[in-house]
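Residue-level structure breakdown
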Amino acid sequence: MTRGYAAFPTRFPLYNAPDDLPPQYGCGPIKFNGSNNALYERHLLFDNALSPSEVGDRERYEAIARSVRDVLSQRWQQTEETYSRENPKRVYYLSMEFLIGRSLSNNILNLRLDPMARRFFAENQLDELAILAQEPDAGLGNGGLGRLAACFLDSMATMQLPGMGYGLRFEYGMFKQQIVNGWQCEQPDNWLRRPDPWEVARPQLAVTIEFGCSFEVRGGNLKATAGASTLLGIPYDRPIVGYGGKTINTLRLWASAATNSFDFQGFSAGEFVSALAERLTAETVTRVLYPDDSTSMGQGLRFVQEYFLVACSLADLVRRFRLNNSDWNCLPDKVAIQLNDTHPCLTVPELMRILLDDAGLDWELAWDITKRMLAYTNHTLLPEALEKWPLRWFELMLPRHLEIILEIDRRLREEIVTRWPEDNDRAERAGIVERGAGHLVRMAHLAIAGSHSTNGVAAIHSRLLRDVTVRDLAELYSDRFSNKTNGVTPRRWLLMSNPGLANCITNAIGDRWITNMADLELLKPLAEDGEFIAAVGMAKRQAKLRFAEWLKSQAGIQVDPDTIFDSQIKRIHEYKRQLLNGLRIVALYNRLRENPHVDMQPRTFFFAGKAAPAYQVAKLIIKFLNNLADTIDGDPAVHGRLRVVFLPEYCVSMAERLIPASDVSNQISTAGYEASGTSNMKFMMNGALTIGTRDGATIEMAEAAGEENFFLFGLTAEQVAAGRDWYNPWWHYENEPETRAVLDLILSGHFTRHEPMIVDALRNILLIGGDTYRHLADLGSYMAADLRLQSLYTKQEAWTRRAILNIASSGKFSSDRTIAEYANEIWHVSPCPVP
Ligand SMILES: *Cc1c(COP(=O)(O)O)cnc(C)c1O
C-alpha cells in the first residue's frame with residue numbers, strides 16, 4: 001500500500017468521487033460546476049426574480065441548495081417507488097426531536113458531489129464558508145436524544161434500510177442563547193422565517209386529528225371546554241440522503257393547522273414558552289419546541305403535541321400499509337415502530353384504538369399486534385424526566401384512550417397479582433396508573449407493557465434500568481429488555497467536520513471506513529509509525545488553527561492553538577457537572593497563583609451549552625463559568641497559561657467545529673446518571689483524549705481502546721449509590737487542602753465581587769445542601785487524572801499515539817453499528833436497495 005500521509009487543508013475531503021453525477025441519479029450528465037451551472041443559474045435568477053447584481057449570499061445559498069435538491073429529487077422518488085413496489089417491512093422512527101443541524105454540506109457530501117462543489121465554488125469565486133453559513137441550524141431538538149434520531153436517519157439511509165422518521169415541524173426550534181453580563185438570555189429561534197429549500201409541503205396528505213374537547217386557557221391553567229374538536233396535520237418532507245446517494249429516505253414533520261371546528265386559544269407554560277404561547281392561535285400545537293432536556297415540565301400543550309405527533313404519524317403509516325396490504329394481521333410483518341423515549345408513547349393506546357375501533361379486531365388480537373409492532377427506547381433514569389400525565393387530561397381530551405389505558409392497567413395488575421400473590425405492593429409499584437393525588441399515567445410503564453422490546457442506550461444504563469428503575473416490570477417481562485449502545489454517524493462527525501483527519505485515515509487505509517467503521521482497527525499498527533503519527537498530529541493542529549480562525553472571525557475571540565484545547569460541550573445540567581470542571585480550573589488557577597513557576601501546560605478551556613430556561617441552578621452555573629472566564633482573563637498572573645472561554649449558542653454546527661479541534665474531552669457526569677452520552681463518541685473519533693468518569697458509553701469506549709488510553713477517575717455508579725445515606729461533602733472540605741482552598745477562594749467572592757447571592761447559591765449546592773452530585777468526592781481524583789493528562793501532553797508523540805489508538809477503537813461507536821443491532825434484533829428489517 002502506498003501512503004502519502006499529508007493532511008490537506010481542504011474544506012471537503014478528497015477521495016475517489018466521480019467528476020460527473022453517476023448515472024444512478026437518473027438525470028443525465030449535469031455538471032455542477034462553473035462552465036455548466038445551468039441549474040444554479042436558473043434558480044438564482046428566477047426563484048427570487050432578482051438580477052445578478054441584487055443577489056446576496058442568502059440567495060446564492062438557496063439557489064445552490066435547490067440545485068442539489070433537483071439533483072436528488074428523482075432518486076428520492078425512486079426510493080419511495082421501490083418501497084411501494086417491493087412492499088418490504090418498514091421501520092418508522094417516532095421522535096419529538098430531530099436535531100439535524102445544517103443540510104447543504106451534508107447532502108453534498110453524501111451525494112459525493114463534493115469535488116464538483118469545490119470546483120464550483122472556486123470557479124464562481126464564491127465564499128464557500130459564508131454561503132454555507134446562510135443555512136440556519138435546524139434546531140428541532142434539545143440535545144443528545146434529538147441528535148441521536150438524526151444520526152439514526154443517516155445510518156438507515158446509508159444502509160439502504162426502508163426507514164422513515166416522524167416528528168413535528170416546530171416553527172420555533174431550540175431557543176437562541178445569548179450571554180448578557182454572564183447570564184443566559186433566551187431568544188426565539190425563528191428558523192423558518194425564510195423559505196427552507198429542503199422541505200416539501202404535502203397538503204394533499206393532510207390528516208385530521210380528533211380531540212374529546214375544545215381548549216382555552218384561563219388563569220394560566222389549561223381549560224377544556226365542551227364539545228369535541230379537530231386539528232389538521234400537514235406533512236412536510238425532508239430528504240435524508242444515504243452516503244453514496246443510493247437511498248434517499250424521508251423525514252416527515254407535521255405542522256398543525258386549524259380546521260373550522262377547532263377552538264384553541266392557547267396554553268401557558270414556563271416563562272419562555274408562555275411568552276410565546278400568549279400569541280398563539282389555532283396553529284399553536286407545533287409552534288414551539290419545549291426547551292427542557294431531561295425534565296418533564298408536565299405542560300398541557302406538550303401533552304397535546306405528543307398526541308398530535310402520534311395520531312398524525314399512525315394515520316399516515318396505517319394508510320400507507322392499507323394501500324399495499326388488506327389483512328390487518330400482517331401489520332407486524334410490514335411495520336416496526338421505534339419510540340424514541342416516552343414522548344411518542346401514546347402510540348400504544350392510539351394503535352389499540354385503531355385496531356379495536358377502525359379495524360374491528362378483538363382485544364386479544366389487537367394487543368398482540370400492538371406489542372409486536374412497537375419497541376421503546378429509554379433515555380434516562382432521572383425521576384424528573386420520567387413522564388407521568390394526569391388521568392384527568394385523558395378524561396378531558398382523549399376519553400377513548402383512557403378507557404383503553406385503564407383496561408391495559410387492569411390486565412397488567414391481574415397478571416402481576418397472579419404471578420406474585422404474596423407481594424401486595426408490586427401491582428401498585430408496576431401498574432400503569434399511579435393512584436393517589438391526581439392519578440397519573442406512567443408513560444414508561446405503558447411503553448414497556450405495550451411493546452415487545454425495551455432498550456437502554458449504553459450497557460450500564462440498560463443494566464440500571466432493568467435492575468433498579470423498572471425492576472418489577474423487568475422481572476415480569478425479562479425477555480423484552482436489551483441494550484443498544486448509542487452511536488454517531490461518521491459521515492457528519494468525521495468525514496465532513498474533520499477533512500484533514502479524514503484524509504489522513506483514507507490515505508492510510510482506504511475509504512471503506514466511511515461506511516464500515518470497523519476498518520479503523522487497521523490503524524492500530526500505525527500508532528507505531530512515525531510518519532503517520534506526524535500526519536495525525538498535523539491534522540489536529542490544522543483543525544485547531546481552523547477553529548481559532550473561525551472563532552476570531554465569528555466572535556472576535558482570540559485563542560492560542562499552542563495551548564491544550566480542553567472542552568466540555570453539552571447541555572448544562574447538574575449531573576453533567578460543568579461545576580466540577582469549574583472547580584478543577586479554580587484549583588489549577590490556585591496552583592499558578594501560589595507558584596508562578598509550577599510546571600503546567602498552557603491550556604484553553606472551552607465550555608458551551610444551554611440551560612433549560614426554567615432550570616435556575618443550571619443558569620447559575622453558566623453565570624459562574626462566565627465569571628471564572630472574566631476573572632482569569634483579567635489576572636495577569638496567569639496570562640498565557642490559563643484561559644476560559646464560554647461559547648454562546650451551542651448547536652450542531654458549533655460542535656462540528658470545536659470537536660475536531662479539541663485535544664481533551666470532558667465526560668465527567670456523576671456515575672450512574674449519564675445514560676450514554678454521544679459527544680464522548682464524536683470526540684473519540686476525532687482524536688481527542690477523554691478525561692472522564694465510568695459512566696454511560698464512556699465505560700465501553702475505554703473498554704474498546706484500553707483503560708490505559710483514557711484518563712478515568714472518580715466514584716463508580718455502585719459507590720455513588722452506596723454512599724447515598726452517608727456522603728458528606730464537609731469531609732472533603734475539612735480533609736483535602738486543595739479542595740478547601742478552591743472552595744475558600746470561591747466563597748470569598750473572588751469571582752463574584754458584587755454578586756453575593758451567587759456565592760450563597762454555590763455554598764448551598766456544594767456544601768450545605770449535601771452536594772447531591774458528589775462534586776467534592778470526585779475533585780481529588782479529577783485533579784490526579786489531570787496531572788497524568790498534562791504529563792502525557794509534554795510528550796507529543798506519546799499523546800498522538802494514544803489519540804490514534806482511540807480513533808482506531810472508535811468503530812463500535814458508529815451509528816451504523818447501532819442501527820444494525822436495532823434492525824437485526826428488534827425491527828427484523830432488511831435493506832431494500834433502489835435499483
Ligand atoms: C452530540 C450533541 C449533543 C449530545 O452531547 P452529550 O455530551 O452526549 O450530552 C448535544 N447537543 C449537540 C448539538 C450535539 O451535537
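Preceding block: the structure.
Residues numbered from 1 in each chain as written. Predicted model: local features only at pLDDT ≥ 70, side-chain atom pairs only at ≥ 80, totals over all residues. Heavy atoms only, no water.

**Re the overall build of the chain**
Inclusion rule: By the criteria applied, helices consist of DSSP H or I runs no shorter than four residues and strands consist of E runs no shorter than two, each listed in order from the N terminus. For this measure, only C-alpha atoms enter the radius of gyration; the expected value for a globule follows 2.2 Å times N^0.38, where N is the number of residues. Relative accessibility decides the category of a residue: with a 1.4 Å probe and only protein chains considered, values under 20% of the type maximum give buried, values over 50% give exposed, and everything between is partly exposed.
Within the chain one finds 32 helices and 25 strands. For a compact globule of 835 residues, the expected C-alpha radius of gyration is about 28 Å, and the chain comes in at 27 Å, within 12% of that figure. Each principal axis of the C-alpha distribution contributes one length, and for the chain these read about 80 × 70 × 50 Å. Buried positions account for 64% of the 835 residues belonging to the chain.

**A short note on the site of the ligand**
This is how it is decided: To be near a molecule or strand, a residue needs just one of its heavy atoms within 4 Å of it. The definition of a polar contact used here is a pair of N or O atoms within 3.5 Å, where within protein one atom must be able to donate a hydrogen and the other to accept one, and adjacent residues in sequence count solely through side-chain atom pairs.
In the neighbourhood of the ligand, 14 residues make up the surrounding shell, with Lys570, Lys576, Thr678, Ser679 and Lys682 lying closest. A distance of 2.7 Å separates an oxygen atom of the ligand from a polar side-chain atom of lysine 576. Between threonine 678 and the ligand, the recorded distance is 2.7 Å, taken from a backbone N or O atom to an oxygen atom. Counting only elements with at least two residues in the shell around the ligand, the list comes to α23 (652-661) and α24 (679-685).

**Topic: the sheet that holds strand β20 (residues 564-569)**
Heads up, the rule is: For two strands to count as paired, DSSP must find a minimum of two bridges between them. We call two residues in contact when some of their heavy atoms are within 4.5 Å. Where helices are involved, their axes are fitted lines through C-alpha atoms of the stretch in contact, as for all axes, and angles between N-to-C directions lie from 0 to 180°.
What the 6 strands build is an open sheet, ordered β22-β21-β20-β23-β24-β25; its pairing is parallel. Each edge of the open sheet is held by one strand with a lone partner, namely β22 (642-647) and β25 (711-712). Strand direction decides the pairing type here: strand β24 (residues 689-692) and β25, joined by 2 bridges, are parallel. Opposite glycine 692, over in β25, you have leucine 712 as the bridge partner. Packing against the sheet, helix α31 (residues 796-808) makes contact with β23 (664-667), β24 and β25, and its axis sits at approximately 85 degrees to β24.

**Quick look at helix α4 (residues 114-123)**
In an α-helix, one full turn covers 3.6 residues, which means residues spaced three or four apart are oriented alike. Most of α4 sits out of view: 7 of its 10 residues are buried. Two residues or fewer past α4, glutamine 125 is found with a positive phi of approximately 50 degrees.

**Re the packing of helix α1 (residues 38-47) against helix α2 (residues 57-86)**
Put simply, the test is: In these notes the angle categories are as follows: under 35 degrees is roughly parallel, over 145 is roughly antiparallel, 65 to 115 is roughly perpendicular, and the rest is oblique. Note: crossing handedness is left-handed where the near helix turns anticlockwise from the far helix by less than a right angle, and right-handed where it turns clockwise. Only Asp, Glu, Lys and Arg are considered charged in this grouping, and only Ala, Val, Leu, Ile, Met, Phe, Trp, Tyr, Cys and Pro are considered nonpolar; every other residue, Gly among them, is considered polar.
One way to put it is that α1 packs onto α2 with a least axis distance of 8 Å and a crossing angle of 130 degrees. When the axes of α1 and α2 are compared, the pair comes out oblique. By crossing handedness, the relation of α1 to α2 is classed as right-handed. Between α1 and α2, the contacting residues are Leu39, Tyr40, Arg42, His43, Leu44 and Asp47 on the first element and Glu59, Arg60, Ala63, Ile64, Arg66, Ser67, Asp70 and Val71 on the second. Of the residues belonging to the contact of α1 with α2, the class tally is 6 nonpolar, 2 polar and 6 charged.

**What to know about the packing of helix α21 (residues 578-594) against helix α28 (residues 737-747)**
Put simply, α21 and α28 touch, their axes get as near as 9 Å, and they point 95 degrees apart. The pairing of α21 with α28 is recorded here as roughly perpendicular in orientation. Between α21 and α28, the contacting residues are Leu583, Val586, Ala587, Tyr589, Asn590, Arg591 and Arg593 on the first element and Glu738, Ala741, Val742, Leu745 and Ile746 on the second. A per-class count over the contact of α21 with α28 returns 8 nonpolar, 1 polar and 3 charged.

**Re the nonpolar core**
One broad rule of soluble globular proteins: the nonpolar side chains tend to lie buried together. The condition is simple: Throughout, nonpolar core names a set of buried Ala, Val, Leu, Ile, Met, Phe, Trp, Tyr and Cys residues whose side chains join them through atoms within 4.5 Å.
Within the largest apolar cluster, 120 residues are counted, with the highest numbers of intra-cluster contacts made by Met156, Ile337 and Trp827. With 12 residues, helix α8 (residues 300-324) is the single largest residue contributor to this core. In this view, tryptophan 827 contacts Lys89, Val91, Tyr93, Met156, Ala336, Gln338, Ile819 and Tyr822; residues no more than four positions away in its chain are not counted.

**Section: the packing of aromatic side chains**
To describe a pair of aromatic rings, one takes the distance between the centres and the angle between the planes. This is how it is decided: Ring geometry is summarised as follows: Phe, Tyr and Trp rings, the Trp one being its six-membered ring, pair when their centres sit within 6.5 Å, and such pairs are stacked at plane angles under 30 degrees, edge-to-face over 60 and tilted between the two.
In this structure the tally under the stated criterion is 25 aromatic pairs. Both rings, one in phenylalanine 321 and one in tryptophan 328, keep their centres 6.5 Å apart while their planes meet at 45 degrees; by these two values the pair is tilted. For the pair shown, phenylalanine 321 and tryptophan 328 are each scored as buried. Look at tryptophan 730 and tyrosine 733: their rings are 5.7 Å apart centre to centre, the planes differ by 90 degrees, and that puts the pair in the edge-to-face class. Placement of the pair is tryptophan 730 and tyrosine 733 together in helix α27 (residues 729-735), with a separation of 3 residues, close to one helical turn. In textbook terms, an aromatic cluster arises when at least three aromatic residues are bridged by ring pairs, as seen for Tyr93, Phe152, Tyr822 and Trp827.

**Some thoughts on the sheet that holds strand β16 (residues 433-434)**
Each strand in a sheet pairs with another by means of backbone hydrogen bonds, the pair being arranged parallel or else antiparallel. What the 3 strands build is an open sheet, ordered β15-β17-β16; its pairing is antiparallel. The open sheet has two free edges, formed respectively by β15 (388-390) and β16, since each of these has just one partner strand. Note: β15 against strand β17 (residues 440-442), 3 bridges, orientation antiparallel. Among the inter-strand pairings, proline 390 is bridged to a residue of β17, identified as leucine 440.

**Some words on the side chain of asparagine 498**
Looking at the element boundaries, asparagine 498 is found in the loop between α18 (490-496) and α19 (499-509). Judged by relative accessible area, which is 4%, asparagine 498 ranks as buried. Not counting residues up to four positions away in its chain, the partners in contact with asparagine 498 are Ala543, Pro660 and Asn686.

By themselves, these observations are geometric and do not establish any function.
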